[in-house]
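Structural characterization, general
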Amino acid sequence: HLSIRRQRQMCIRDRDAMFFPNEKNVDRLIQYLNKATRSINICVFTMTNDKLSNAVKAAAIRGIAVRIISDDECMKQKGSDVHWLSEQNIPVRVDDRPDAHMHNKFMVIDDLIVITGSFNWTVTAVNANQENLIVVDNPYYINRYNQEFEKLWLQFAHM
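All of the points below concern the structure found in this document. Just so it is clear, the model here is predicted, and its values are computed rather than measured. Starting afresh in each chain, residues are numbered from 1 along the sequence in its written order. With pLDDT at 70 or above as the cut-off, local features in this predicted model cover only qualifying residues; side-chain atom pairs require 80 or more to be listed or tallied, and sums for whole chains, interfaces and linings still use all residues. Side-chain metrics in this entry use all non-hydrogen atoms of the structure; hydrogen atoms and water are not considered.

1. Topic: the pattern of salt bridges
A pair is scored as a salt bridge if a Lys or Arg side-chain nitrogen falls within 4 Å of a carboxyl oxygen belonging to Asp or Glu. This structure, assessed with the given rule, holds eight salt bridges. Between Arg15 and Asp137 there is a salt bridge, with its nearest N and O atoms 2.8 Å apart. Of this pair, Arg15 sits in the loop between helix 1 (4-14) and strand 1 (16-20) while Asp137 sits in the loop between strand 7 (131-136) and helix 7 (139-155), placing them 122 residues apart in sequence. Judged by relative accessible area, which is 10%, Asp137 ranks as buried. Between Arg28 and Asp16 there is a salt bridge, with the nearest N and O atoms lying 2.2 Å from each other. With Arg28 in helix 2 (residues 23-35) and Asp16 in strand 1, this residue pair connects regions lying 12 residues apart in the sequence. One network of salt bridges, in which partners are shared, links Glu23, Asp27 and Lys51. Helix numbering and strand numbering both begin at the N terminus, where a helix is a DSSP run of H or I of at least 4 residues and a strand a DSSP run of E of at least 2. Only protein chains enter the calculation, and the probe is 1.4 Å; a residue is then buried if its accessible area is under 20% of its type maximum, exposed if over 50%, and partly exposed in between.

Here is the structure:
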């Protein structure tokens, strides 16, 4: 594990807020994906933005442990990058209820930061929608989001 001092240095540097529509903020989000050194846990309703999907795949190729949780119905839709990423051998799990949605939108990187907000990882979210993301470096929130991710990961294990 990283030293407490190193963790604090990274956290201070990584506090951020992003608003959309804004193509430059997609590049900022990709910079966070590129900073990962160990793990990326992504929990998103849907993903159709090829730039983001390619950055996720590139992280996996670099040896980063990537896992994705998404909505079962969205994964089946034409153009779903979640489906494509699962075909690239990235572990993916989806919700288990056809009458409900896995509607979370967050990511935990290296157990050091949480990125969360209204942002769906879609082309429309980047180019048209009013969306937001915040980068949180507080250990309390990192722990809570990790717990939620692990709970869902286990819950959706049958998929």
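Now, onward.
2. Looking at helix 7
In a regular helix each residue adds 1.5 Å, so 17 residues correspond to 24 Å; helix 7 covers 24 Å between its end C-alpha atoms and thus fits that length. Along helix 7, the positions that sit buried rather than exposed are Ile142, Asn146, Phe149, Leu152 and Trp153. Relative to the axis of helix 7, the buried residues are bounded by an arc of 130° and lie together on one face. Should any heavy atoms of two residues lie within 4.5 Å, those residues are considered in contact. Of the surrounding elements, those touching the buried residues of helix 7 are strand 2 (39-44), strand 3 (65-70), strand 4 (92-94), strand 5 (105-109), strand 6 (113-117) and strand 7. Identification of polar contacts relies on pairs of N or O atoms within 3.5 Å, with a donor-acceptor requirement for protein atoms, meaning one able to donate a hydrogen and the other able to accept it, and with residues adjacent in sequence counted only if both atoms are side-chain atoms. The N-cap residue of helix 7 is Asn138: its side-chain oxygen and the backbone nitrogen of Tyr140 are 2.7 Å apart. Expected span, for any helix, means 1.5 Å times one less than how many residues it has. Here the arc refers to the directions that run from the helix axis out to each C-beta atom.

3. Description of the sheet that holds strand 1
Pairing within the open sheet is mixed, and its seven strands lie in the order 1-7-6-5-2-3-4. Only two strands of the sheet have a single partner each, and these edge strands are strand 1 and strand 4. The mean inter-strand angle of the sheet, taken between neighbouring strand axes irrespective of direction, is 10°. Packing against the sheet, helix 2 makes contact with strand 1, strand 2, strand 5, strand 6 and strand 7, and its axis sits at approximately 140° to strand 1. Should DSSP find at least two bridges between two strands, the strands are taken to pair. To obtain an axis, a line is fitted to C-alpha atoms, over the contacting stretch when the element is a helix, and the angle between two such axes runs from 0 to 180 degrees between their N-to-C directions.

4. Overview of the nonpolar core
Ile40 and Trp121 are the most contacted members of the largest nonpolar core, which totals 36 residues. Sorting elements by how many residues they give to this core places helix 2 first, with five residues. Contacts of Trp121, omitting those with residues within four sequence positions, involve Leu29, Leu33, Ile42, Val44, Thr46, Met47, Thr48, Asn49, Leu52, Val56 and Met107. Side-chain atoms within 4.5 Å are what join buried Ala, Val, Leu, Ile, Met, Phe, Trp, Tyr and Cys residues into a set we call a nonpolar core. Of all hydrophobic cores here, the second largest spans 12 residues; its members include Ile69, Phe106, Val114 and Trp153.

5. Some thoughts on empty space enclosed by the protein
The method is simple in principle: a probe with the dimensions of a water molecule rolls over the atoms, and the space it marks as empty is what remains. Whether a set of points on the 1 Å grid over the protein atoms alone is a cavity depends on a 1.4 Å probe fitting there but being unable to get out, while an open set qualifies as a pocket with protein on both sides within 12 Å along at least five of seven lines; lining residues are those with an atom within 4 Å of a point. Grid points are joined across faces, edges and corners, and a volume is the space filled by probe spheres set on the points. Here the structure, examined in full by the defined rule, presents two cavities of 30 Å³ or more. As a volume, the second largest cavity reaches approximately 40 Å³. Taken together, Leu29, Val44, Lys105, Phe106, Met107, Ile115, Trp121 and Leu133 make up the lining of the second largest cavity. Ranked by residues supplied to the lining of the second largest cavity, first place goes to strand 5 with three residues. For the lining of the second largest cavity, the residue count by class is seven nonpolar, no polar and one charged. Under the convention adopted here, Pro, Cys and the residues Ala, Val, Leu, Ile, Met, Phe, Trp and Tyr are nonpolar, Asp, Glu, Lys and Arg are charged, and Gly plus all remaining residues are polar.

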